[in-house]
Amino acid sequence: MTAQHTGRPEAPRPRLVAGDGTLLRTAEAIAADWAVLGMRGSFLARRLDTGEQLGFDIDDPVPLASVVKVPFALVVLDRIAAGLLDAAQPVTVDPATSSVGSTGLAAFRHPATVAVGDLLALMLAVSDNAAADALFDLVPPEETDARLREWGCTDIRVRHRMQRMYECAAGVSGEDFTLALELAVRDEASGRHTVETLDPAHANAGTARGLVDLLQRVWQDEIARPAATAELRRLMAAQVFTHRLAGDLRTDTIRVSGKTGTFLHLRHDIGVVEADSGHRVAMAALTRSDRRAALAPDIDAAIAAAARQAFTVLRGR
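A few points on the structure. No experiment lies behind these values; they were computed from the predicted model shown. (Residues numbered from 1 in each chain as written. Predicted model: local features only at pLDDT ≥ 70, side-chain atom pairs only at ≥ 80, totals over all residues. Heavy atoms only, no water.)

## Some thoughts on the overall build of the chain
Right, so step 1: A count of helices and strands for the chain gives 10 helices and 11 strands.
Right, so step 2: For 317 residues, the compact-globule estimate of 2.2 N^0.38 gives 20 Å, and the chain sits close to it at 19 Å.
Right, so step 3: For the chain, the spread of C-alpha atoms along the principal axes amounts to about 55 × 50 × 35 Å.
Right, so step 4: Out of the 317 residues belonging to the chain, those deemed buried represent 53%. (Helix = DSSP H or I, 4+ residues; strand = E, 2+ residues; numbered from the N terminus. Rg over C-alpha atoms; globule rule 2.2 N^0.38 Å. Buried < 20%, exposed > 50% of the residue type's maximum accessible area, 1.4 Å probe, protein only.)

Below, the structure written as structure tokens:
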């Protein structure tokens, strides 16, 4: 199959990462499948017990959308584990001033009071933007970013609240998010960013390598306090949206703990796939679409297929 003609310059060939020929061919196949669908992006899958990995373009910084909630949650959970923040502390979220979103408190029409620990659950399980920004009121982006620097997470940057994404999009398109999507797709070809929070230099941003490194350290208790990493693993296992990485891996013997991220043309997922056999593979799929479509189930399916292919080949090593 050949890539569909879009009228745009062809994307550069992916920079492949793989330990041997079999892994290299799998990475090439995934990149080719994505190109056919008009997907740009990066992918990395790493087996945690051996370090073997495969992927492509793993050091390209990408706006993270809701994937940023994972490193942010770790910082909040570490403050709780250190006794600096109480998980039972009540927080009132008012729809009149809360963040945009279609899930959780962001969809509420009346004020609600929720404990900090439950805000974390809403933020990760249903990607609640209002819950996330209520937590950012307690642990601001600059404090979160500084803590990640202290932990050596130099490939992940936290710069703004979730609401900032929607404010920047509305600033260039009014309330017409169809126009914002069109601008996002157009800007991919030019390299300039009309929507500021789609610019990796100003957005909450990260690389596939940086995110997989973070997941590996969380799953191996090599970052933050053990109580924080254990709770993050538990909360990520409760994610409701399982149509991407976990889409082709739903069985009684495999568990996927993850977090999606979706904004305009961005469709991401990161997570750890664990089998009853003991195999564990951390993955990050960060994609941008060349398509002016709010819904793209074939792109979600391509991410799912990539996760299945990568897990299958890595567990067989």
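Next, the rest of the story.
## A few points about the pairing of strand 10 (residues 266-275)
Right, so step 1: Within strand 10, 10 of the 10 residues are buried, which leaves the element mostly enclosed by the surrounding structure.
Right, so step 2: Two elements, strand 9 (residues 254-263) and strand 10, share 10 bridges in a ladder whose sense is antiparallel. Paired with Thr262 across the two strands is Arg267, which belongs to strand 10.
Right, so step 3: What sits between the antiparallel neighbours strand 9 and strand 10 is a turn of 2 residues, in which Leu264 has the positive phi angle 50°. (Pairing = 2+ DSSP bridges.)

## With respect to the sheet that holds strand 7 (residues 156-157)
What links the strands of a sheet is backbone hydrogen bonding, and the strands pair in either a parallel or an antiparallel sense.
Right, so step 1: Overall, antiparallel pairing links the 3 strands, which are arranged 4-8-7 in an open sheet. Of all the strands in the sheet, just strand 4 (62-63) and strand 7 have a single pairing partner and so form its edges.
Right, so step 2: In the sheet, strand 4 pairs with strand 8 (residues 205-206) via 2 bridges, with the strands oriented antiparallel. Directly across from Pro63, in strand 8, lies its bridge partner Ala205.

## Here we look at the packing of helix 8 (residues 208-219) against helix 9 (residues 226-236)
In helix packing, the relevant descriptors are the interaxial angle and the interaxial distance, both defined with respect to the helix axes.
Right, so step 1: Their axes nearest at 9 Å, the elements helix 8 and helix 9 cross at an angle of 115°. Overall, the two elements helix 8 and helix 9 adopt an arrangement that is roughly perpendicular. Of the residues in helix 9, those in contact with Leu215, Val218 and Trp219 of helix 8 are Thr229, Leu232, Arg233 and Met236.
Right, so step 2: Here the contact of helix 8 with helix 9 is built from residues that sort into 5 nonpolar, 1 polar and 1 charged. (Axes fitted to C-alpha atoms, helices over the stretch in contact; angles between N-to-C directions. Parallel < 35°, antiparallel > 145°, perpendicular 65-115°, else oblique. Contact = heavy atoms within 4.5 Å. Nonpolar A, V, L, I, M, F, W, Y, C, P; charged D, E, K, R; others polar.)

## Details of helix 3 (residues 116-125)
Helical geometry: 3.6 residues make up each α-helical turn, so side chains three or four residues apart lie on a common side.
Right, so step 1: The complete set of buried residues in helix 3 reads Val116, Leu119, Leu120, Met123, Leu124 and Ala125.
Right, so step 2: On the buried face of helix 3, the contacting elements are helix 2 (69-81), strand 5 (90-93), strand 6 (112-115), helix 4 (129-138), helix 9 and strand 9.
Right, so step 3: Just beyond helix 3, the residue with positive phi is Ser127, at close to 55°.

## Brief notes about the pattern of salt bridges
Right, so step 1: Summed over the entire model, instances satisfying the criterion amount to 24 salt bridges.
Right, so step 2: Between Arg209 and Asp59 there is a salt bridge, with its nearest N and O atoms 2.6 Å apart. A residue pair is termed long-range when its members are at least 10 positions apart, and Arg209 in helix 8 and Asp59 in the loop between strand 3 (53-56) and strand 4 qualify at 150 residues.
Right, so step 3: For Asp59, a relative accessible area of 42% translates into the label partly exposed.
Right, so step 4: For the salt bridge of Glu231 with Arg234, the shortest nitrogen-to-oxygen distance reads 2.8 Å. With Glu231 and Arg234 both in helix 9, this residue pair falls 3 residues apart, about one helical turn.
Right, so step 5: Among the residues examined, Arg234 registers a relative accessible area of 51% and is labelled exposed. (Salt bridge = Lys/Arg side-chain N within 4 Å of Asp/Glu carboxyl O.)

## Overview of the environment of Ala237
Right, so step 1: Relative to the helices and strands, Ala237 is located in the loop between helix 9 and strand 9.
Right, so step 2: Separated by 125 residues in the primary sequence, Ala237 and Ala112 have C-alpha atoms spaced 25 Å apart.

## Digging into the packing of aromatic side chains
Right, so step 1: Within this structure, the stated rule accounts for 6 aromatic pairs.
Right, so step 2: With a centroid separation of 5.3 Å and an interplanar angle of 80°, the aromatic rings of Tyr166 and Phe263 are classed as edge-to-face. Placement of Tyr166 in helix 6 (residues 163-173) and of Phe263 in strand 9 is noted, with a sequence separation of 97 residues between them. Of the two residues examined, Tyr166 and Phe263, each falls in the buried class. (Phe/Tyr/Trp six-rings, centres within 6.5 Å; stacked < 30°, edge-to-face > 60°.)

## Side note on unusual backbone geometry
Right, so step 1: The backbone of Ser127 sits at a positive phi, close to 55°, despite the residue not being glycine.
Right, so step 2: Mapping Ser127 onto the fold places it in the loop between helix 3 and helix 4.
Right, so step 3: Here the phi dihedral of Asp221 falls at roughly 55°; this positive angle occurs in a residue that is not glycine.
Right, so step 4: Among the structural elements, Asp221 can be located in the loop between helix 8 and helix 9.
Right, so step 5: Its relative accessible area of 39% is what places Asp221 among the partly exposed residues.

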